[in-house]
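Each chain, letter by letter, is given below.
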Amino acid sequence: MAAQNEEGDPAYSLRQIVKRFPGVVANDHVNFDVRKGEIHALLGENGAGKSTLMQILYGQYGRDSGDILVDGQVCALDSTRDAIRLGIGMIHQEFMLVRRFSVVENVIMGIGDDKRWTVDLKKAADRLRELSLQHGLHVEPDDIVEQLPIGVQQRVEILKLLYRNARLLILDEPTAVLTPQETAGLFVVLRHLASMGHSIVIVTHKLHEIMEISDRVTIMRDGRVVGAVKTALSCKDELARLMVGRDVSLRAEKAPRQPGKPLLQLEGLSALDARGARALNAVALTVHEGEILGVAGVDGNGQSELAGAIMNLASITGGRVLFDGEDVTRLSPAAHHELGLAYVPADRRHVGSLGELPIHRNAILGRHRQFASACGLMEEPKIGQFADALIERFGIRPKRPDYLAGRLSGGNLQKLILGREVMRDPRAIVIEQPTRGLDVGAIEVVWRELIAQRDAGKAILLISAELEEIFNLADRIAVIYEGRIMGIVKTSEATIEQIGLMMAGEAHPANSGAPQ
């Protein structure tokens, strides 16, 4: 943990903040503060109001009432420009970088001489090198962003804030797209920044990371602060209980099960990515009824193309996809659904849902004919009953079928998409990154449902970058590296070290992990 300033006055404070959206009170008289030189975690379920609170502090949202204080003084903060002037910066979960620009071009974007509206790039690059060296960021100003690993791109975002003399750095789900090694590197940087007097706020749901990196934790539930504790005096179980208001199981309970017959089979499947480069290379996998086959790997090694190729949404160059012995390689996603193959994509907002439509319409996507009368009119009471049942079963909030899907938090949107696919009663499910960005309460719901589907005899292909999730849910683990399967092992016989080696490109000698 960082060297905490336990007795100092708050550097930044929010007092009695209220923020309302139509039909929802996102922040209900919230108090929050962060001290100089501390790392403060903000924890809460999806939809608890934590991201909204930080967006208010960063000037992206206005507040209905309440005050913002800097060094004990009430300040006018109504825009991001005001926030930057007051030394506040924010790094979003989805980086705000122009991928084709260099590091220095991204950093100085929006900054110009008041008279000439120009910036000396060489001078800016020299200062970036100094900042990078000072804080151990290891970023070269002339590098092109799209050629950088995700972890380095995040350091570019940190450099943007430091270049603007930020004293408070807010990071929203900072490790969601990082490998374990990149996460460790980020924590080294954050501890260093805190030791230099910067204030750090991390908005996250990962309890083990909170315990590792933070000095204090503030917990929100239903728009209100329900607790604030010193991390060293707490534990994961207590934080989870405060977050969701009940005891939460942090491990999946899964009974041993004998898998059934092969249902989903990939034979030498090869495919290209969006740029036309080879992304899959002769992938061979078999998923049985009553089995969860986990696909582990560092992001960007062909996982998305694997799911896309199965559903015929990627450019397939070779191989076959078989479903219950039938060649379905060239069938449309709609035809896959008719056969009983469901799909939960990683991109919830742009692929898995239509944000401009309400929950009840998203709940029946692809099934409109089942909710239409003989004359083709939609049966609204029937749709409403179905949406209510889905909302209740999967714990979606708010419990309003007419609420726009695009306004749902990531966790609630994921529960909507998973619920829609599960309630089709499919025979097999292909699911990508099912709990990315979700809190422990939402993770518990998703895990429980996936295990229930497996126990009901469904075949599940689980693609996840979270090793903890893979080890909790999967019966067997396949590891993908640069589009190739490096090995398949039984979860009961696998170790983190063994999987890690395969994730780095070392093939497993057995390469079986029966059954086949």
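Residues numbered from 1 in each chain as written. Predicted model: local features only at pLDDT ≥ 70, side-chain atom pairs only at ≥ 80, totals over all residues. Heavy atoms only, no water.

**Things to note about the overall build of the protein**
Next, step 1: Broken down by element type, the protein carries 16 helices and 20 strands.
Next, step 2: In terms of overall size, the protein behaves like a compact globule, its C-alpha atoms giving a radius of gyration of 24 Å where 516 residues would be expected to give roughly 24 Å.
Next, step 3: A sequence separation of at least 24 residues applies to 68% of the contacts in the protein between residues at least 6 apart.
Next, step 4: Carbon and sulfur atoms provide 50% of the accessible area of the protein, an area that totals close to 22600 Å².
Next, step 5: Averaging the locations of the 60 positively and 67 negatively charged side chains of the protein gives two centres separated by 2 Å. (Helix = DSSP H or I, 4+ residues; strand = E, 2+ residues; numbered from the N terminus. Rg over C-alpha atoms; globule rule 2.2 N^0.38 Å. Contact = heavy atoms within 4.5 Å. Areas by Shrake-Rupley, 256 points an atom, 1.4 Å probe, with all protein chains shown as cover. Lys, Arg positive; Asp, Glu negative; His and termini not counted. Charge placed at Lys NZ, Arg CZ, Asp CG, Glu CD.)

**Things to note about the packing of helix H12 (residues 380-394) against helix H13 (residues 410-422)**
Next, step 1: Following both chains from N to C, one finds H12 and H13 inclined at 115°, their axes separated by 10 Å at the closest point. In this structure, H12 meets H13 at a crossing whose hand is right-handed. Where H12 abuts H13, its residues Leu390, Arg393 and Phe394 lie against Lys415, Leu416, Leu418, Gly419, Arg420 and Val422.
Next, step 2: Residues belonging to the contact of H12 with H13 are distributed by class as follows: five nonpolar, one polar and three charged. (Axes fitted to C-alpha atoms, helices over the stretch in contact; angles between N-to-C directions. Left-handed = near helix turned anticlockwise from the far one by under 90°. Nonpolar A, V, L, I, M, F, W, Y, C, P; charged D, E, K, R; others polar.)

**A short note on the packing of aromatic side chains**
One pair of aromatic rings is described through two measures. These are the centre distance and the angle between the planes.
Next, step 1: Under the defined criterion, the tally for this structure stands at two aromatic pairs.
Next, step 2: Across the ring face of Tyr163, the terminal group of Arg127 is positioned such that the distance to the ring centre comes to 4.5 Å.
Next, step 3: A cation sits over an aromatic face here: Lys382 above Phe371, 5.6 Å from the ring centre. (Phe/Tyr/Trp six-rings, centres within 6.5 Å; stacked < 30°, edge-to-face > 60°. Lys NZ or Arg CZ within 6 Å of the ring centre and 35° of its normal.)

**Topic: the nonpolar core**
Next, step 1: In terms of nonpolar packing, the biggest core is built from 50 residues, with Ile158 and Leu190 touching the most fellow members.
Next, step 2: Leave out the neighbours within four places in its chain, and Leu190 touches Ile39, Leu171, Ile200 and Ile202.
Next, step 3: In terms of nonpolar packing, the next biggest core, distinct from the first, is built from 48 residues, Tyr403, Ala405, Leu473 and Met503 among them. (Core = buried A, V, L, I, M, F, W, Y, C linked by side-chain atoms within 4.5 Å. Buried < 20%, exposed > 50% of the residue type's maximum accessible area, 1.4 Å probe, protein only.)

**Structural notes on the pattern of salt bridges**
Next, step 1: By the definition in use, this model includes 31 salt bridges.
Next, step 2: For the salt bridge of Arg15 with Asp33, the shortest nitrogen-to-oxygen distance reads 3.9 Å. Note that Arg15 is positioned in strand S1 (residues 10-21) and Asp33 in strand S2 (residues 24-35), a separation of 18 residues in sequence.
Next, step 3: Ionic pairing is found between Glu421 and Arg424, a salt bridge with its closest N-O pair at 3.2 Å. No difference in accessibility class separates Glu421 from Arg424, as the two residues are buried.
Next, step 4: A single salt-bridge network, built from bridges that share partners, covers Lys122, Asp126, Arg129, Glu140 and Asp142. (Salt bridge = Lys/Arg side-chain N within 4 Å of Asp/Glu carboxyl O.)

**Structural notes on the sheet that holds strand S19 (residues 476-481)**
Next, step 1: Pairing is mixed in the open sheet, where six strands are placed in the order S16-S17-S18-S13-S19-S20. Strand pairing shows two members of the sheet lacking a second neighbour, strand S16 (341-344) and strand S20 (484-490), which therefore form its edges. The mean angle between the axes of side-by-side strands here comes to 15°, regardless of whether they run parallel or antiparallel.
Next, step 2: As defined by bridge partners, S16 adjoins strand S17 (residues 428-432) across four bridges and the pair is classed as parallel. When the bridges of S17 are listed, Val344 appears paired with Ile431. (Pairing = 2+ DSSP bridges.)

**Thoughts on the environment of Arg320**
Next, step 1: Along the chain, Arg320 turns up in strand S14 (residues 315-323).
Next, step 2: Arg320 sits 230 residues away from Met90 along the chain, and the two C-alpha atoms are 45 Å apart.
Next, step 3: Here Arg320 is in contact with Gln265, Leu266, Glu267, Leu269, Asp327 and Thr329, once residues within four sequence places are set aside.
Next, step 4: Side-chain polar atoms of Arg320 contact the side chain of Glu267, separated by 2.8 Å. (Polar contact = N/O pair within 3.5 Å; in protein donor to acceptor, adjacent residues only side chain to side chain.)

**Here's the deal with the domain arrangement of the protein**
Interface size is often expressed as the accessible area that is lost when the parts come together.
Next, step 1: If you check the domain split of the protein, you get domain 1 (10-244) and domain 2 (261-504).
Next, step 2: Centre-to-centre separation of domain 1 and domain 2, based on C-alpha positions: 31 Å.
Next, step 3: With 18 residues of domain 1 at the contact, the number on the domain 2 side is 20 residues.
Next, step 4: Here domain 1 meets domain 2 over a buried area of about 1400 Å², counting both sides, of which 50% is carbon and sulfur.
Next, step 5: Inspection of the domain 1/domain 2 interface yields three salt bridges. (Domains from an automatic or database assignment. Buried area = accessible area lost by both parts, 1.4 Å probe.)

**Quick look at helix H4 (residues 121-135)**
Next, step 1: Between its first and last C-alpha, H4 extends 21 Å over 15 residues, near the 21 Å set by a 1.5 Å rise per residue.
Next, step 2: Among the residues of H4, those classed as buried are Ala124, Ala125, Leu128, Leu131, Ser132 and His135. Within H4, the buried residues cover an arc of 120° as seen down the axis, which keeps them to one side. Turned more than 90 degrees away from the buried face of H4 sit Lys122, Lys123, Glu130 and Leu133, all of them exposed.
Next, step 3: Tucked inside the fold, the buried residues of H4 contact helix H3 (103-108), helix H5 (150-163) and helix H6 (180-195).
Next, step 4: Between a side-chain oxygen at the N-terminus of H4 and the backbone nitrogen of Lys122 the separation is 3.1 Å; the capping residue is Asp120.
Next, step 5: Positive phi appears at Gly136, one or two residues downstream of H4, with a value of about 65°. (Expected span 1.5 Å × (residues − 1). Arc of directions from axis to C-beta.)

**Observations concerning the sheet that holds strand S6 (residues 88-91)**
Next, step 1: Spatially, six strands are ordered S6-S7-S8-S3-S9-S10 in an open sheet, and the strand pairing comes out mixed. Of all strands in the sheet, those bounded by a partner on one side alone are S6 and strand S10 (224-230). Taking each pair of neighbouring strands and ignoring which way they run, the sheet shows an average axis angle of 20°.
Next, step 2: This element, helix H8 (residues 236-244), spans strand S3 (39-44), strand S9 (216-221) and S10 of the sheet and lies at about 30° to S9.

**Some thoughts on the pairing of S19**
Next, step 1: In terms of burial, S19 is a largely internal element, five of the six residues being buried.
Next, step 2: Across four bridges, the pairing between strand S13 (residues 291-296) and S19 is parallel. Paired with Ala296 across the strands is Val479, a residue of S19.
Next, step 3: Where S19 lies against S20, six bridges are found, and the strand directions are antiparallel. Following the sheet pairing, Arg476 is matched in S20 by Lys490.
Next, step 4: Taking the residues that link successive antiparallel strands as the turn, the S19-S20 hairpin has two residues, and the phi of Glu482 there is positive, at about 50°.

**Describing the side chain of Asn301**
Next, step 1: You can see Asn301 is positioned in the loop between S13 and helix H9 (303-310).
Next, step 2: Within polar-contact distance, the side chain of Asn301 engages the backbone nitrogen of Glu482 at 2.7 Å.
Next, step 3: The contact partners of Asn301, leaving out residues within four places of it in the chain, are Ala279, Ile480, Tyr481, Glu482 and Gly483.

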